[in-house]
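# Reading the structure
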Amino acid sequence: MPTSASSPLSDVGSVAPAAAPGAAGGADRVAPVAIALLSGGLDSATAAALAIESGHRVIGLSFDYGQRHRRELQAAVAVAKHLGLLEHRVLQVDLAAWGGSSLTDARQDLPVDGLQPDVIPSTYVPGRNTVFIALALSLAEATGAERLVLGVNAVDYSGYPDCRPDYLEAFQTLADLATRAGREGRGVRLWAPLMAWDKPRIVREALRLGVPLERTWSCYAGGEQPCGVCDSCRIRDEALIAVGRADLAGLHRDVSPSVALQPPAPPVDGAAAVTAAVDSWLAPEAGQTT
């Protein structure tokens, strides 16, 4: 794995928090801004919390893309409020217009037979992460954000092609070539701190960081209670049980259907606000999965 500053597979511990006001050499410095893709699920909430811990002011970005239900968007609103994000934006992008996934086409049944080796399940949404990351990159450059935080994972996951290391490495190259900031050598860095972690480790980090797991929503179905049988429920609940929190398994439901989605907020002048740089961050060491 490359160890250059452009690697999206950053080791969490390699990020230096921004200098606090009054610190040596940092009297006029403020915390840098990061854009976090916030789905409402466990992984994206944990990644956003890690970005905050590393010293970033975080803008959350969620998408109403025509998914089967509103529960994950309601969860994203609740998580954003709990974490105290700088802003939380919800963009509408209708990927359901052409379907192609059981997450955007209610006529298709959700798979409940578990993950199959070397099979990409019907819950894969064509081009979803490519669209989301491209829009997040635009927001990041417009606001002067230095980092794009992604909760993608390639260990305990459904095998989606746009959640894999080679995909993010290629997108980082694209980001560096396709933006003015990238051409000037100050491009937005894609940061996927959970990429090489198994799900139990992600759960332990979420608990340590105080992520409100009971307010996140991972289930592909949108009922009053999580279904417990879809791939996402299975992976999540097995991890919770593995770390001794069986009490939370199947209980990611504390999201009121009445929670209103907030309209997009006006952009901040991130370019003027961001004056602090972070150290170059390293790719995780081989075998770092626990």
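Residues numbered from 1 in each chain as written. Predicted model: local features only at pLDDT ≥ 70, side-chain atom pairs only at ≥ 80, totals over all residues. Heavy atoms only, no water.

Our next topic: the confidence of the model for the protein. When pLDDT is averaged across the protein, the result is 80; 77% of the residues are at 70 or more. A low-confidence stretch, residues 1–8 (pLDDT under 50), is modelled with 26 contacts involving residues beyond four sequence positions or located in other chains. Of the regions scoring below 50 in pLDDT, residues 252–290 engages in 111 contacts with residues more than four places distant in sequence or in other chains. (pLDDT = per-residue confidence, 0-100. Contact = heavy atoms within 4.5 Å.)

Here six bridges tie strand S2 (residues 57–64) to strand S3 (residues 87–92), and the two strands are oriented parallel to one another. Following the sheet pairing, Ser-62 is matched in S3 by Val-90. After leaving S2, the chain enters helix H2 (residues 71–83) and then returns to the sheet as S3, a path that is right-handed. (Pairing = 2+ DSSP bridges. Helix = DSSP H or I, 4+ residues; strand = E, 2+ residues; numbered from the N terminus. Right-handed = clockwise from strand over helix to strand, strands pointing away.)

The next thing to look at is helix H4 (residues 165–178). For H4, spanning 14 residues, the distance from its first C-alpha to its last is 20 Å, which sits close to the expected 20 Å at 1.5 Å a residue. By the burial criterion, the buried members of H4 are Tyr-167, Leu-168, Glu-169, Phe-171, Gln-172, Ala-175 and Asp-176. Buried-residue contacts for H4 involve helix H3 (128–143), helix H5 (180–183) and strand S5 (189–191). (Expected span 1.5 Å × (residues − 1). Buried < 20%, exposed > 50% of the residue type's maximum accessible area, 1.4 Å probe, protein only.)

On to helix H1 (residues 42–53). Given a rise of 1.5 Å per residue, 12 residues ought to cover 16 Å, and the 17 Å separating the end C-alpha atoms of H1 matches this to within 8%. Counting buried positions along H1 gives 10 out of 12 residues, so the element sits mostly inside the fold. Taken together, the buried positions of H1 are Leu-42, Asp-43, Ser-44, Ala-45, Thr-46, Ala-47, Ala-48, Ala-49, Leu-50 and Ala-51. Two residues or fewer past H1, Gly-55 is found with a positive phi of approximately 105 degrees.

Moving on: the packing of aromatic side chains. One pass over the full model with this rule turns up four aromatic pairs. Consider the rings of Phe-63 and Phe-132, whose centres lie 4.0 Å apart with planes at 5 degrees: the pair is stacked. Here Phe-63, found in strand S2, pairs with Phe-132, found in helix H3; they are 69 residues apart in sequence, far enough to count as distant. Like Phe-132, Phe-63 is buried. Taken together, the ring pairs in this structure connect Phe-63, Tyr-65 and Phe-132 into an aromatic cluster. Looking at Arg-71, its charged tip hangs above the ring of Trp-217, at a distance of 4.3 Å from the centre. Its end group placed over the ring of Trp-191, Arg-147 keeps NZ or CZ at 4.5 Å from the ring centre. (Phe/Tyr/Trp six-rings, centres within 6.5 Å; stacked < 30°, edge-to-face > 60°. Lys NZ or Arg CZ within 6 Å of the ring centre and 35° of its normal.)

Another point: the pattern of salt bridges. Here the structure, examined in full by the defined rule, presents nine salt bridges. Look at the salt bridges and you will find they share partners, linking Glu-53, Glu-205 and Arg-208 into a network. (Salt bridge = Lys/Arg side-chain N within 4 Å of Asp/Glu carboxyl O.)

Ranked by size, the top nonpolar core spans 38 residues in total, and within it Ile-35, Leu-37, Ile-133, Leu-148, Leu-150 and Leu-168 carry the most contacts. Elements represented by at least two residues in this core include exactly strand S1 (33–37), S2, H3 and H4. No other element matches the six residues that H3 contributes to this core. Counting 29 residues, the second largest nonpolar core, distinct from the first, contains Val-79, Leu-85, Val-203 and Leu-240. (Core = buried A, V, L, I, M, F, W, Y, C linked by side-chain atoms within 4.5 Å.)

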